[in-house]
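Here's the letter readout for the chains.
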Amino acid sequence: MSKTIELHGIDVSARQFPQDGVPVNVTFNVMSITELPQQWTAQFDFIHQRYLFGALRGEEWPTALSELYRVLKPGGKIQLVEGNFCTPNPQTPAVLAVQKLQEKVFEVRGLVTDIALRLPEMLDAYGFENITSQTKDMPVGKQWGEIGVQGTENLGNVVRKMSKLFLELGLVETQE
């Protein structure tokens, strides 16, 4: 007997959701990870959550992890993918300059620059078991080949997306 797999995607905005071609077993919901529906308690076998390091303030992480624990079935698995601005690779002047800008934005917004390093201990505190952590570098620059070129493009996109905020906070003089 085959079991139908249901996939649920959530975000605080529908802007990232596809408009066409969504399979019938996929549902998208606009909501916050800090307030998941009560009817989802112990409903999920697997949860994948990523890149909230730029969205959740320090005081929101415990609530988010508590909610993830609540909606995960006993014996279920969770996968968290987060960034860490504390150790860019390679440590070139340009990458370090971007890191300093991001750190200032995170500080002003109450975000946690090293949440990826803190998560294993936090997960343990909320009752998660068999916790493993894996660290990967995000190479930036041509010297790393194609993956370094992609890392450079990704970092450039981050800077472009944050440029207005850098301006508003007085961290740069022009958006260029």
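So, a few notes on the structure that sits alongside this text. (Residues numbered from 1 in each chain as written. Predicted model: local features only at pLDDT ≥ 70, side-chain atom pairs only at ≥ 80, totals over all residues. Heavy atoms only, no water.)

A short note on the overall build of the protein
Consideration 1: Counting its regular elements, the protein contains 4 helices and 4 strands.
Consideration 2: Along the protein, from the amino end to the carboxyl end, the secondary structure elements read β-β-β-α-β-α-α-α.
Consideration 3: Principal-axis analysis of the C-alpha atoms places the extent of the protein at approximately 55 × 40 × 35 Å.
Consideration 4: In the protein, of all internal contacts separated by at least 6 residues, the share reaching a separation of at least 24 is 60%.
Consideration 5: As displayed, the protein has an accessible area near 12100 Å², and 52% of this comes from carbon and sulfur atoms.
Consideration 6: With 16 positive and 21 negative side-chain charges, the protein shows a spacing of 3 Å between the two charge centroids. (Helix = DSSP H or I, 4+ residues; strand = E, 2+ residues; numbered from the N terminus. Contact = heavy atoms within 4.5 Å. Areas by Shrake-Rupley, 256 points an atom, 1.4 Å probe, with all protein chains shown as cover. Lys, Arg positive; Asp, Glu negative; His and termini not counted. Charge placed at Lys NZ, Arg CZ, Asp CG, Glu CD.)

Considering the nonpolar core
Consideration 1: Residues Trp61, Leu65 and Ile115 are the most contacted members of the largest nonpolar core, which totals 23 residues.
Consideration 2: Of all the secondary structure elements, the ones that give two or more residues to this core are strand S3 (44–50), helix H1 (61–71) and helix H3 (115–125).
Consideration 3: Looking at this core element by element, the count peaks at 5 residues for H1.
Consideration 4: The residues touching Ile115, leaving out its near neighbours within four places in the chain, are Phe53, Trp61, Glu82, Gly83 and Met122. (Core = buried A, V, L, I, M, F, W, Y, C linked by side-chain atoms within 4.5 Å. Buried < 20%, exposed > 50% of the residue type's maximum accessible area, 1.4 Å probe, protein only.)

Looking at unusual backbone geometry
Consideration 1: Here Ala42, not a glycine, exhibits a phi torsion of approximately 55°, which is positive.
Consideration 2: Relative to the helices and strands, Ala42 resides in the loop between strand S2 (26–30) and S3.
Consideration 3: You can call Ala42 partly exposed: its relative accessible area is 31%.
Consideration 4: Located in the positive-phi region is Tyr51, a residue other than glycine, with phi close to 55°.
Consideration 5: Looking at the element boundaries, Tyr51 is found in the loop between S3 and H1.

Describing the packing of aromatic side chains
Consideration 1: Enumeration according to the criterion identifies 5 aromatic pairs in this entry.
Consideration 2: Aromatic side chains Tyr51 and Phe53 sit 6.2 Å apart centroid to centroid with 75° between the ring planes, which places their arrangement in the edge-to-face category.
Consideration 3: Phe53 gets classed as buried once you look at its relative accessible area, which sits at 14%.
Consideration 4: Judged by centre distance (5.0 Å) and plane angle (80°), the rings of Tyr69 and Phe128 are edge-to-face. Linking Tyr69 in helix H1 with Phe128 in the loop between H3 and helix H4 (146–168), this pair joins segments that are 59 residues apart in sequence.
Consideration 5: What links up through ring pairs into an aromatic cluster is the set Tyr51, Phe53 and Phe106. (Phe/Tyr/Trp six-rings, centres within 6.5 Å; stacked < 30°, edge-to-face > 60°.)

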